[in-house]
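Notes for the structure review
Letter by letter, the chains look like this.
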Amino acid sequence: MAFLKQTDPVAGQPVTVTIPYLDQTGTLQFGQIKVPPGKDATLPDNLLTTDAIQNYVLGNLGQGANDQQAVGVHWNGENDTPEMVYGNLKDQKYSNLLGSNQNGLYLTNFGNVVPEIQAGKRQMIQRFTATNVKDGDIITFPQAFTDDNVSLMVFPKLPNANGNWDFPICGYGGVSRYNFGCSRAYLGSTPKTEPGDISVIAIGGIG
């Protein structure tokens, strides 16, 4: 017989367990004990059930009315990106998953590498062109930053507004989260009051 036997468990009822033992003469005997009932069997909230696994594998877990079912995830070896396939056989769509490549570099949804900025908080990069700028003009950022610690790169565009190629020198000052003051001067005889376009790259905090 089995070394240990017990009656079929019933929730809330004690279980009878049969235990073999040797008596004082060395004879094999069998005794029975009652094991008190434990807690009723319950499934933990985070248990992945069969139905949940099926929905997970099929790609429709949490799917809304306008969502499309995912049909597979694979590694795109040519682009070195993780990729999800969804839709159907006649209308297949692909999306690069936000993840990392084999070098551990983070990727965007287009599969491009995400650049890193050494900073203590989140940073935003704004790139824009200001037109017809004159010396002393105040240039407003398209979107305000959350503090005044903004880094700037200002580049003049050629030819100038009047069509000549007299190279302007651009500087800046009075930088705040909202704007900066632009200074302009020319290497040639063009007066600094002559307007022109500038390209701006601004990097600052957003939270």
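Rules used throughout
- Residues numbered from 1 in each chain as written.
- Predicted model: local features only at pLDDT ≥ 70, side-chain atom pairs only at ≥ 80, totals over all residues.
- Heavy atoms only, no water.
- Salt bridge = Lys/Arg side-chain N within 4 Å of Asp/Glu carboxyl O.
- Buried < 20%, exposed > 50% of the residue type's maximum accessible area, 1.4 Å probe, protein only.
- Helix = DSSP H or I, 4+ residues; strand = E, 2+ residues; numbered from the N terminus.
- Pairing = 2+ DSSP bridges.
- Axes fitted to C-alpha atoms, helices over the stretch in contact; angles between N-to-C directions.
- Core = buried A, V, L, I, M, F, W, Y, C linked by side-chain atoms within 4.5 Å.
- Contact = heavy atoms within 4.5 Å.
- Polar contact = N/O pair within 3.5 Å; in protein donor to acceptor, adjacent residues only side chain to side chain.
- pLDDT = per-residue confidence, 0-100.
- Patch = residues over 30% accessible without salt bridge, like charges linked within 9 Å, V, L, I, M, F, W, Y side chains within 5 Å.
- Areas by Shrake-Rupley, 256 points an atom, 1.4 Å probe, with all protein chains shown as cover.

**Here we look at the pattern of salt bridges**
In total, this model carries five salt bridges according to the counting rule given. Note that Asp91 and Lys93 form a salt bridge whose closest N and O atoms lie 2.6 Å from each other. With relative accessibility at 25%, the residue Lys93 sits in the partly exposed group. One salt bridge connects Lys121 with Asp147, and the closest N-O pair in it is separated by 2.4 Å. Of this pair, Lys121 sits in the loop between β6 (92–96) and β7 (123–133) while Asp147 sits in the loop between β8 (138–140) and β9 (151–156); the two residues are 26 residues apart in sequence, bridging distant segments of the chain. Look at Lys121 and you get partly exposed, because its relative accessible area is 37%.

**Focus on the pairing of strand β11 (residues 179–186)**
Strand direction decides the pairing type here: β8 and β11, joined by three bridges, are antiparallel. Its bridge partner lying in β11, Thr140 is registered against Asn179. The pairing of strand β10 (residues 168–173) with β11 spans six bridges and is classified as antiparallel. For Gly171, the partnering residue across the bridge sits in β11 and is Ser183. Here β10 hands over to β11 after five residues, with Gly174 in that stretch at a positive phi of 60°.

**Quick look at the sheet that holds β10**
Here we have three strands laid out as an open sheet, ordered β8-β11-β10, and antiparallel in their pairing. The sheet is open, and its two edges are formed by β8 and β10, each paired on a single side. Strand-to-strand twist in this sheet, taken as the mean axis angle between neighbours without regard to direction, amounts to 35°.

**Observations concerning the nonpolar core**
Generally speaking, soluble globular proteins have nonpolar side chains that are buried together. Membership of the largest hydrophobic core comes to 16 residues, with the highest contact counts inside it found for Ile139, Phe141, Leu152, Phe180 and Ile198. Counting only elements with at least two residues in this core, the list comes to β7, β9, β11 and β12 (196–205). Of all the elements, β7 adds the most residues to this core, at four residues. Beyond its immediate sequence surroundings of up to four residues, Leu152 is in contact with Phe141, Tyr172, Val175, Phe180, Val200, Ile201 and Ala202.

**Quick notes on the side chain of Asn76**
If you trace the backbone, Asn76 turns up in strand β4 (residues 70–76). From its side chain, Asn76 meets the backbone nitrogen of Asn79 in a polar contact 3.1 Å long. Not counting residues up to four positions away in its chain, the partners in contact with Asn76 are Thr81 and Glu83.

**Overview of the confidence of the model for the protein chain**
Summarising the model, the protein chain shows a mean pLDDT of 85, and 94% of its residues fall at 70 or more. Here strand β1 (residues 5–6) stands out as the element of the protein chain with the lowest mean pLDDT, 76, in contrast to β8, whose mean of 98 is the highest.

**Remarks on the environment of Gln123**
Here Gln123 lies in strand β7. In this structure the C-alpha to C-alpha distance between Gln123 and Gly207, which are 84 residues apart in sequence, comes to 7.8 Å. Excluding residues that lie within four positions of it along the chain, Gln123 makes contacts with Ile117, Ile203, Gly204, Gly205 and Ile206.

**What to know about a nonpolar patch on the surface**
On the surface, Leu48, Ile53, Tyr56, Val57 and Leu61 cluster together into a nonpolar patch covering about 550 Å² of accessible area. Tracing the backbone through its elements, the reader meets Val57 in helix α1 (residues 50–58).

**Considerations on the sheet that holds strand β3 (residues 28–35)**
What the three strands build is an open sheet, ordered β1-β2-β3; its pairing is antiparallel. With partners counted over all chains shown, the strands left at the sheet margins are β1 and β3, one partner each.

**Describing the pairing of strand β2 (residues 15–22)**
Two strands pair when backbone bridges link them, and β1 and β2 are joined in this way by two bridges, in the antiparallel orientation. Residue pairing across strands places Lys5 opposite Thr18, the latter belonging to β2. With eight bridges joining them, β2 and β3 adopt antiparallel strand pairing. Note that in β3 the partner of Val17 across the bridge is Ile33.

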